[in-house]
Amino acid sequence: MKSKFHRFLSQKQLQWMVLPGIAFMIVFNYIPIYGIVIAFKNYTVVDNISTADWVGLENFRIIFEDSFFWEAVRNTLAISLLKLALGFFIPIALAIMIFEMKDGKLKKTIQTISYIPHFFSWIVLGGMLISWLSTSGFLNQILMSLGLMDTGVNHLLEADKYWWIAVFSDLWKEVGWGTILYLAGMSKIDPTYYEAARMDGASKLTQIRKITLPLLTPIISLNLILAVSGILGSNLDQTLVLMNTQNQNRSEVINSFVYRMGITQGDFSYATAVGLGVSIISIILLLITNQVTKKMNDGKSVIL
């Protein structure tokens, strides 16, 4: 205990630097947790949290009977699982391809081009997509010039297409940014491993399978944990920009449902109950994924 105290004193300047971050987390992350009790009350704007009437699990009972909520769950799972299936592996493949490129200028150019969409907000990208996918938009012009369509259609008004629009537009925005951690990890790999493999006659594919991917396992595990634990948190900004009355039965996700019920309709207790349930399930998914990834790291946990 004494040695820990002396070490604390020796690092007091660093400790003072950390204090604002700790204070920020306490004020904005931990104190608001008290508001969770709204999920068990009949809270309105004329009440405060302490005076609102207790209703127990009534809000959760309503959730299970709400068909619109289960529609949002279906859309969230469908979109998130498609994003996970494609968006988890494509950045790994893209990072490996960039890493293996020999032309330095071309490598930097491709990296820069792939990063750029990440820095645009969904308001900007959504406006571009709405224009491109409209009846006279860029996509229809290409399809009609190739003879694949006779007349243009507004693709965002066709609900059956929305899941794929959401998935591929998210890939377009984030796939390049997702390569950063993998490229950083590959830059730390000892090049003598590859030299030894080449001397043994290993092909490039074998080197990737036997050297690159195993040494990236901790980073892959961490990203997998974060991706799976956030599977119920489909992108709210993207949904609010691309959703319309024609595709709402396919575009409404849990986050937008909570936003609509809480902010738009003022049913704060119901929205809080939904958010609390999603948070609990996300924690469970995080713990399960962490246990699974232990096997990928010889029994070593990545985060817990």
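Being a predicted model, the structure only gives us computed values, none of them experimental.

Draft legend 1. Highlighting the overall build of the chain. Looking only at helices and strands, one finds 17 helices and 2 strands in the chain. Its C-alpha radius of gyration of 24 Å places the chain more than 25% over the 19 Å reference for a compact globule of 304 residues. Over its C-alpha atoms, taken along the principal directions, the chain stretches across nearly 80 × 75 × 35 Å. Counting all 304 residues of the chain, 34% fall into the buried class. Put simply, 63% of the contacts in the chain that link residues at least 6 apart link residues at least 24 apart.

Draft legend 2. Structural view of the confidence of the model for the chain. Summarising the model, the chain shows a mean pLDDT of 87, and 96% of its residues fall at 70 or more. Ranking the helices and strands of the chain by mean pLDDT puts helix H9 (residues 162-174) first, with 93, and helix H1 (residues 2-10) last, with 72.

Draft legend 3. Representation of the packing of aromatic side chains in the model. Enumeration over the complete set of coordinates arrives at 13 aromatic pairs. On the basis of an interplanar angle of 40° and a centroid distance of 4.7 Å, the ring pair of phenylalanine 24 and phenylalanine 28 is categorised as tilted. With phenylalanine 24 and phenylalanine 28 both in helix H2 (residues 12-30) and 4 residues apart, the pair spans about one turn of that helix. Neither residue differs from the other here; phenylalanine 24 and phenylalanine 28 are each classed as exposed. Taken together, the aromatic side chains of Phe64, Phe69, Trp70, Phe257 and Tyr270 make up a single cluster linked through ring pairs.

Draft legend 4. Molecular detail of the environment of histidine 155. In this structure, histidine 155 sits in the loop between helix H8 (138-145) and H9. Overall, histidine 155 belongs to the buried group, its relative accessible area being 6%. Taking the C-alpha atoms as reference points, histidine 155 and threonine 135, 20 residues apart in sequence, are found 7.7 Å from one another. Of note is the side chain of histidine 155, whose polar atom sits 2.9 Å from the side chain of lysine 161.

Draft legend 5. The UniProt feature "transmembrane region" (unreviewed entry) in the chain, seen in detail. Mapped onto this numbering, the UniProt entry gives "transmembrane region" (unreviewed entry) at residues 21-40, 77-99, 119-142, 162-184, 213-233 and 268-288. Along residues 21-40, the helical share is 50% and the strand share 0%, with 31 Å between the first and last C-alpha atoms. The span residues 77-99 carries 96% helix and 0% strand; its end-to-end C-alpha distance comes to 33 Å.

Draft legend 6. Examining the layout of surface pockets more closely. As a volume, the largest pocket reaches approximately 690 Å³. Lining the largest pocket are 24 residues, with Lys83, Gly87, Asp170, Glu174 and Ala227 positioned closest to its centre. Elements represented by at least two residues in the lining of the largest pocket include exactly helix H4 (67-87), H9, helix H10 (180-187) and helix H13 (217-229). The biggest single contributor to the lining of the largest pocket is H4, with 4 residues. Among the residues forming the lining of the largest pocket, the class breakdown is 13 nonpolar, 8 polar and 3 charged.

Draft legend 7. Region of the structure containing the UniProt feature "domain: ABC transmembrane type-1" (unreviewed entry) in the chain. UniProt records the feature "domain: ABC transmembrane type-1" (unreviewed entry) at residues 73-289, using the numbering of this structure. What you have in residues 73-289 is 72% helix and 0% strand, and the ends, taken at the C-alpha atoms, are 20 Å apart.

Draft legend 8. Expanded view of the pattern of salt bridges. Under the criterion given, the structure shown has 8 salt bridges. The shortest N-O distance in the salt bridge between arginine 61 and glutamate 58 comes to 2.4 Å. Of the two residues, arginine 61 and glutamate 58 are both situated in helix H3 (residues 58-65); the distance of 3 residues between them amounts to about one turn of the helix. Accessibility expressed as a relative area gives 31% for glutamate 58, which makes it partly exposed. A single network of salt bridges, built from pairs that share partners, joins Glu58, Arg61 and Glu65.

Draft legend 9. Structural detail: the environment of lysine 161. Topologically, lysine 161 is positioned in the loop between H8 and H9. Along the chain, lysine 161 and leucine 222 lie 61 residues apart, while their C-alpha atoms are 31 Å from each other.

Definitions and cut-offs
Residues numbered from 1 in each chain as written. Predicted model: local features only at pLDDT ≥ 70, side-chain atom pairs only at ≥ 80, totals over all residues. Heavy atoms only, no water. Helix = DSSP H or I, 4+ residues; strand = E, 2+ residues; numbered from the N terminus. Rg over C-alpha atoms; globule rule 2.2 N^0.38 Å. Buried < 20%, exposed > 50% of the residue type's maximum accessible area, 1.4 Å probe, protein only. Contact = heavy atoms within 4.5 Å. pLDDT = per-residue confidence, 0-100. Phe/Tyr/Trp six-rings, centres within 6.5 Å; stacked < 30°, edge-to-face > 60°. Polar contact = N/O pair within 3.5 Å; in protein donor to acceptor, adjacent residues only side chain to side chain. UniProt positions renumbered as here; feature names shortened; annotations may be inferred. 1 Å grid on protein atoms, 1.4 Å probe; cavity = no way out; pocket = protein on both sides within 12 Å on 5 of 7 lines; lining within 4 Å. Points joined across faces, edges and corners; volume = space filled by probe spheres on them. Nonpolar A, V, L, I, M, F, W, Y, C, P; charged D, E, K, R; others polar. Salt bridge = Lys/Arg side-chain N within 4 Å of Asp/Glu carboxyl O.

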